[in-house]
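Descriptive analysis of the structure
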2 protein chains.
Amino acid sequence: MNQINNIILPEPTLRRLPWYLAYVETLQKNDVEFVSSTQISRALSVDASQIAKDLSFLNIRGKTRIGYEVAALAEGLSEFLGFSQCHRAYMIGCGSLGEALIRDSGLSKYGLEIVAGFDVNPQVVSRTDLGVPIYHIDRIYEIMEENPASIGILAVPSEMAQESADIAIGAGVKAIWNFTPYRVKVAEGIVMANTSIYAHLALIFNRLNSMER
Amino acid sequence: MNQINNIILPEPTLRRLPWYLAYVETLQKNDVEFVSSTQISRALSVDASQIAKDLSFLNIRGKTRIGYEVAALAEGLSEFLGFSQCHRAYMIGCGSLGEALIRDSGLSKYGLEIVAGFDVNPQVVSRTDLGVPIYHIDRIYEIMEENPASIGILAVPSEMAQESADIAIGAGVKAIWNFTPYRVKVAEGIVMANTSIYAHLALIFNRLNSMER
């Protein structure tokens, strides 16, 4: 599996593969055994040839007339996407959103284990009720030795986003998952993903307002 | 302001405007009074002419040699993006992620007020500790009369995503903000935004794995 995992996949493929996984998991829960790319295509409005191409990255091929075996496809997708492995992460900023993400047990089902949190607020740093230890950000170098992590999840106020990312990367984090609306810059070689909650809110509000005309 | 709010903005502009807002709010906290598009351009790696074009939607224009007034720009952006208004939303699915989003007070700062939650699990429906009432999904029509909302935030298991969206839309919700990995389909005229947490995880894991080669 490691060899396959090492392919750098195009972003659009990485966007579509979780859709396929969610869909086949739904079929699995409904005891469906086989699915064709035509069925997946109809359900997700993705071209059937695109689906076959995306799935060929996994070395999974459907059988003529029968299609893909649902259980094998679900397992293959989950493993291929890294959701079956454990990836260790730090929560940088444990205020409202950071706390919410720490408490969201759903992330661990997708292979993300938050092993520690960091903050600057003494009242947050002293918290023991979040299920993971919370440290002052100054201790991140030391904690990286005893309890390392490769992913830094950024949930700090905007004005601290760049500095916090720099500190986490300095301490050894290899990927930044940015939940702040601030456009954080990272050096080449550092993985960067932005989850733009606020851009999505802006989109929803704008489209709703324009409907009210 | 209503007239301006009614413009349907292109998605890329709606993605960039929150970056500008986060940046100027950072300047504001540091008591900076004026900012030029060149400065914004350098900080965010967005073309200066693009910034001027994006901001022209707001009818905000910078002054020669001085640039934009930071406080006015922050207020204008926040208002234009709808973050200063209150938009009422239902949380559909109040499990781990739904609960986390209800608890995230950050959303209300950006104009999103979650006024009620819906679930099918009796243990969740009876909860009174979330700050908003949680109802059985069957009651959504009735609740829409007394405590209406225009946005449905979807945080249910994948296999219930489509059905839940259909119910919420049937009850009168005009926009679906989908946090599930399932690709939900909605009728034309319904606003749809996907926050693909799992696609971002897949991206991070894939890039990290390929670095380890």
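Above: the structure in question.
Below or above, wherever it landed, is the structure these notes cover. (Residues numbered from 1 in each chain as written. Chains lettered and ligands numbered in written order. Predicted model: local features only at pLDDT ≥ 70, side-chain atom pairs only at ≥ 80, totals over all residues. Heavy atoms only, no water.)

Here we come to the packing of helix H2 (residues 11-29) of chain A against helix H5 (residues 70-80) of chain A. Residue and element names in this part refer to chain A. One can describe the packing of H2 onto H5 by two numbers: an axis separation of 9 Å at closest approach and a directional angle of 145°. In this structure, the crossing between H2 and H5 has a hand that is left-handed. Of the residues in H5, those in contact with Leu-17, Tyr-20, Leu-21, Val-24, Glu-25, Leu-27 and Gln-28 of H2 are Val-70, Ala-71, Leu-73, Ala-74, Leu-77, Ser-78 and Phe-80. Here the residues of the contact of H2 with H5 are counted per class, giving eleven nonpolar, two polar and one charged. (Axes fitted to C-alpha atoms, helices over the stretch in contact; angles between N-to-C directions. Helix = DSSP H or I, 4+ residues; strand = E, 2+ residues; numbered from the N terminus. Left-handed = near helix turned anticlockwise from the far one by under 90°. Contact = heavy atoms within 4.5 Å. Nonpolar A, V, L, I, M, F, W, Y, C, P; charged D, E, K, R; others polar.)

Residues and elements named next belong to chain A. Taken in spatial order, the six strands line up as E5-E4-E3-E6-E7-E8 in an open sheet, and their pairing is parallel. Bordering the open sheet on either side are strand E5 (134-136) and strand E8 (191-194), each of which pairs with just one other strand. Ignoring strand direction, the axes of neighbouring strands in this sheet form an average angle of 25°. Two strands pair when backbone bridges link them, and strand E4 (residues 112-119) and E5 are joined in this way by three bridges, in the parallel orientation. If you follow Gly-117 over to E5, its bridge partner there is Ile-134. Sheet strands touched by helix H6 (residues 96-103): strand E3 (87-92), E4, E5 and strand E6 (151-154). Its angle to E3, the strand with the most contacts, is close to 155°. (Pairing = 2+ DSSP bridges.)

Another aspect to go through is the environment of Lys53(B). Residue and element names in this part refer to chain B. With respect to the helices, strands and loops of the structure, Lys-53 is situated in helix H4 (residues 48-56). Looking at Lys-53, the relative accessible area reads 56%, which means it is exposed. For the pair formed by Lys-53 and Thr-13, sequence separation is 40 residues and the distance between their alpha carbons is 9.2 Å. (Buried < 20%, exposed > 50% of the residue type's maximum accessible area, 1.4 Å probe, protein only.)

Residue and element names in this part refer to chain A. Scanning all chains against the criterion turns up zero disulfides over all chains. Unpaired in terms of disulfides, Cys-86 finds its nearest cysteine sulfur in Cys-94, a separation of 18 Å. Residue classification places Cys-86 among the exposed positions, given a relative accessible area of 51%. (Disulfide = S-S within 2.5 Å.)

What follows deals with the interface of chain A and chain B. With 69 residues of chain A at the interface, the matching set in chain B holds 69 residues. Note on chain A versus chain B: buried area summed over both sides is about 6,500 Å², and carbon and sulfur give 66% of it. Inspection of the chain A/chain B interface yields two salt bridges. Here Glu159(A) ties to Lys29(B) by a salt bridge, and the two come within 3.3 Å at their closest N and O atoms. Summed over the shared surface of chain A and chain B, the number is 20 residue pairs in polar contact (both at pLDDT 80 or more). Looking at the side of chain A that touches chain B, the elements that each hand over two or more residues are H2, helix H3 (37-44), H6, helix H7 (106-109), strand E7 (175-178), E8 and helix H11 (197-211) of chain A. It is H11(A) that contributes the most residues to the side of chain A that touches chain B, 15 residues altogether. Its residues assigned to classes, the side of chain A that touches chain B shows 37 nonpolar, 20 polar and twelve charged. (Buried area = accessible area lost by both parts, 1.4 Å probe. Salt bridge = Lys/Arg side-chain N within 4 Å of Asp/Glu carboxyl O. Polar contact = N/O pair within 3.5 Å; in protein donor to acceptor, adjacent residues only side chain to side chain.)

The next subject is H6(A). The buried fraction of H6(A) is high, at six of eight residues. All of the buried residues in H6(A) are Leu97(A), Gly98(A), Glu99(A), Ala100(A), Leu101(A) and Ile102(A). Looking at the buried side of H6(A), the elements it contacts are E3, H7, E4, E5 and E6 of chain A together with helix H6 (96-103) of chain B.

All names here are of chain B. The strand order across the open sheet built from six strands is E5-E4-E3-E6-E7-E8, with neighbouring strands paired in parallel fashion. Both edges of this open sheet fall to strand E5 (134-136) and strand E8 (191-194), since each of them pairs with a single strand only. Each neighbouring strand pair of the sheet contributes to a mean axis angle of 25°, computed without reference to strand direction. Sheet topology places strand E7 (residues 175-178) next to E8; four bridges connect them, and they run parallel. Each bridged residue has a counterpart across the sheet, and for Ala-175 the counterpart in E8 is Val-191.

Of the transformation placing chain A onto chain B, the axial shift is 0.0 Å and the rotation is 180°, giving an RMSD of 0.0 Å. The symmetry that links the two subunits is that of a two-fold axis. Proximity to the rotation axis, assessed at the C-alpha, singles out Ala100(A) in chain A; its C-alpha lies 2.2 Å from the axis. (Least-squares fit on C-alpha atoms with pLDDT ≥ 70 in both.)

The next subject is the pairing of E4(A). All names here are of chain A. Of all eight residues that make up E4, seven are buried, and the element is covered over most of its length. Across six bridges, the pairing between E3 and E4 is parallel. Of the residues in E4, the one forming a bridge with Met-91 is Gly-117.

As a further point, take the pairing of E7(A). Residues and elements named next belong to chain A. Residues Ala-175 and Trp-177 of E7 are buried on one face, and the alternating residues Ile-176 and Asn-178, pointing to the opposite face, are buried as well. Pairing of E6 with E7 involves four bridges; the strand directions are parallel. Bridging from a neighbouring strand, Gly-152 pairs with Ile-176 of E7. The handedness of the E6 to E7 crossover, carried by helix H10 (residues 161-171), is right-handed. (Right-handed = clockwise from strand over helix to strand, strands pointing away.)

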